[in-house]
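# Structural characterization, general
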Amino acid sequence: MAEERVIDGRGLMPPEPMELTLTALDTLPDGEELTLLLYCEPHPLYGILRQNGYTHRSQTRPDGTVEIHIRKV
Amino acid sequence: MQPGLSFEQAPPISVPFRFFLTAPLFGMAAGLLLLWQGPAALASRWTSAALALTHLLAVGFMLQAMCGALLQMLPVAAGANIWQPRRVTQFTHAGLTVGTLLLVAGFLFETAWFFRIAVPFMTVSLGAFALIVLIALFRTPAQGPTIIALRIAVFGLIVTITLGATLASSFGWQLALPLTEITHVHAAWGLGGWSLLLVAGVAYLVVPMFQLTPPYPAWLTRSFSVTLFFLLAAWSITWLPLQRPDGFQVALACAAALLAVVFAAVTLRLQAQRRRKVIEPTLLFWRVAMASLVVAASAVIVQQLNPGTEDYAGTPFLLGVLLMVGVFMPVISGMLYKIMPFLNWMHLQKIGRPGLVVPNMRQMIPEPRMMMQFRLHLAALALLLGAVPLPWLVYPGGVALIASCIWLEWNLVVATRNFARFSRELEERLAQEQAPSS
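Note that the structure is a prediction, hence the values are computed from the model and not measured.

## Let's talk about the environment of threonine 100 of chain B
Residues and elements named next belong to chain B.
- For threonine 100, the position within the fold is in helix α3 (residues 85–109).
- Threonine 100 sits 26 residues away from leucine 74 along the chain, and the two C-alpha atoms are 25 Å apart.
- Apart from the residues lying within four places of it in its own chain, the contact partners of threonine 100 are Phe26, His55, Val59 and Gly60.

Have a look at this one:
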């Protein structure tokens, strides 16, 4: 079973979460998912993902954390 | 990190930078005007010098920087860009810069034709900008309190421009209008409906993001911008019969000021709860700004409840210094120290390729330089506040304001030059790597 790949960017200063996410996408096998946790919707990242063939869906937890699930199209 | 991914086509970095690099120049001009006028600048809010000074800071410094910052906030907060960003911003920047100079010249020299030219310059350039930004804000699928606050803020800007153009037209064409009443409403929308709501909308996003605080409480973000908007709108309507302030008008003004105190207090509390107890320039600028907002809004409440304070000539100067030098200039300085390094970093990513290390944000403007500007600005604020009881302090206050703005300008120039240098170095490294294979 594939390991769960999670980046918790909630305690990190921008642009560190974006740097970590882009680095992690480099080694993300097709069909697997990367989860990013933030306190906001990362619109600049969404633009980069769209342009590079990634899909994402996000959901907000009750504590305000936004969970972003990313995978290759 | 590796920048092998392609980035969306964003406007060139020079588009927002032109606003940021122009703003401190108007701040310097405001300091020079203080030195020229001396204690006379404090005499009344209605003198030519006081009106010129107010607009050098409110339009020349604040609005200039806020337009640039808003352009940058759209992709971050809304995932949207404005229509024709390059052309619109060139047009807005030119119109705003020339319009501000004409407006200030009109006040200083009391010459009607300066106002006659300033009105179309400011109205067309700023009006078009506000409408285009508002359309982008309504078209975005993004939701949330920041988007709502930004929409209302831009509407507030449109109200401010409309009333400002009306006032300037009355100077240009000698129209008989109730100038005092319109000026009160114009100032309230400019400082509260536009500037404070823009700061609030941006704060919901950037305070937790850059200062690593918990998110703003939902009860505040849900209600603050909408409530402030309705209070301002109702307060503005009470001016229509052109009568002396009545109890309802005072109650609305006090409620709006109290709301501002709540926003500032919540922000200060969130900053106290931040996860990394690092003291850095942006945090300090925001703390000073929020503390000034508490004092300024409390002073408004005291003034409203004690009508006699209006007769004291120092009151408008005190409020003006607190709000412009104490609240908005520090917020803007603190934000520029995040926005410009972030833009540098984003644009450098586009040049790179996998394996090529791009300089990080901290390398764009040295932190000790930002701290130095913070100290200078704090000195300017303290001295100008001191000038209320001791008017001669306006001279060292003016010098400190000029020094702070020169330092800010130089720091922003350093960021711009570092972007050019890092871009060149990255391109040279890429060229060297490609050379053997070609």
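## So, helix α2 (residues 43–51) of chain A
All names here are of chain A.
- Listed in full, the buried residues belonging to α2 are Leu45, Ile48 and Leu49. Within α2, the buried residues cover an arc of 100° as seen down the axis, which keeps them to one side.
- Taken together, the buried residues of α2 touch α1 (16–26), β3 (54–60) and β4 (66–72).
- Of the residues flanking the end of α2, it is glycine 53, one or two places downstream, whose phi is positive at about 80°.

## Looking at the interface of chain A and chain B
- Counting residues at the interface gives 19 residues for chain A and 22 residues for chain B.
- Counting only elements with at least two residues in the side of chain A that touches chain B, the list comes to α1 and α2 of chain A.
- Counting residues per element, the side of chain A that touches chain B draws most heavily on α2 of chain A, at 6 residues.
- When grouped by side-chain class, the residues that make up the side of chain A that touches chain B number 9 nonpolar, 7 polar and 3 charged.

## Focus on the sheet that holds strand β1 (residues 5–8) of chain A
Residues and elements named next belong to chain A.
- Taken together, the 4 strands give an open sheet; going across it, the order is β1-β2-β4-β3, and neighbouring strands pair in mixed fashion. The open sheet is flanked by β1 and β3, the only strands paired with a single partner. Each strand of the sheet is rotated relative to its neighbour by a mean of 20°, with strand direction disregarded.
- Bridge count between strand β2 (residues 34–38) and β4: 5 bridges; the pairing is antiparallel. Bridging across to β4, leucine 38 finds its partner in valine 66.
- Against the sheet, α1 engages β1, β2, β3 and β4, with an angle of about 175° to β2.

## Things to note about helix α4 (residues 112–139) of chain B
All names here are of chain B.
- Between its first and last C-alpha atoms α4 spans 40 Å; for 28 residues at 1.5 Å apiece the expected length is 40 Å, and the two agree.
- The largest bend in α4 comes to about 25°, at alanine 118, with the proline proline 120 one to four residues further on.
- Residues of α4 that are buried: Phe114, Phe115, Ala118, Val119, Met122, Ser125, Leu126, Phe129, Ala130, Val133, Ala136 and Leu137.
- At its buried positions, α4 is contacted by α2 (48–78), α3 and α5 (145–173).

Conventions we followed
- Residues numbered from 1 in each chain as written.
- Chains lettered and ligands numbered in written order.
- Predicted model: local features only at pLDDT ≥ 70, side-chain atom pairs only at ≥ 80, totals over all residues.
- Helix = DSSP H or I, 4+ residues; strand = E, 2+ residues; numbered from the N terminus.
- Contact = placed C-beta atoms within 7 Å.
- Buried ≥ 20, exposed ≤ 12 C-beta atoms within 10 Å, placed from the backbone.
- Arc of directions from axis to C-beta.
- Nonpolar A, V, L, I, M, F, W, Y, C, P; charged D, E, K, R; others polar.
- Pairing = 2+ DSSP bridges.
- Axes fitted to C-alpha atoms, helices over the stretch in contact; angles between N-to-C directions.
- Expected span 1.5 Å × (residues − 1).
- Bend = angle between axes of the 7 residues up to and from the residue.

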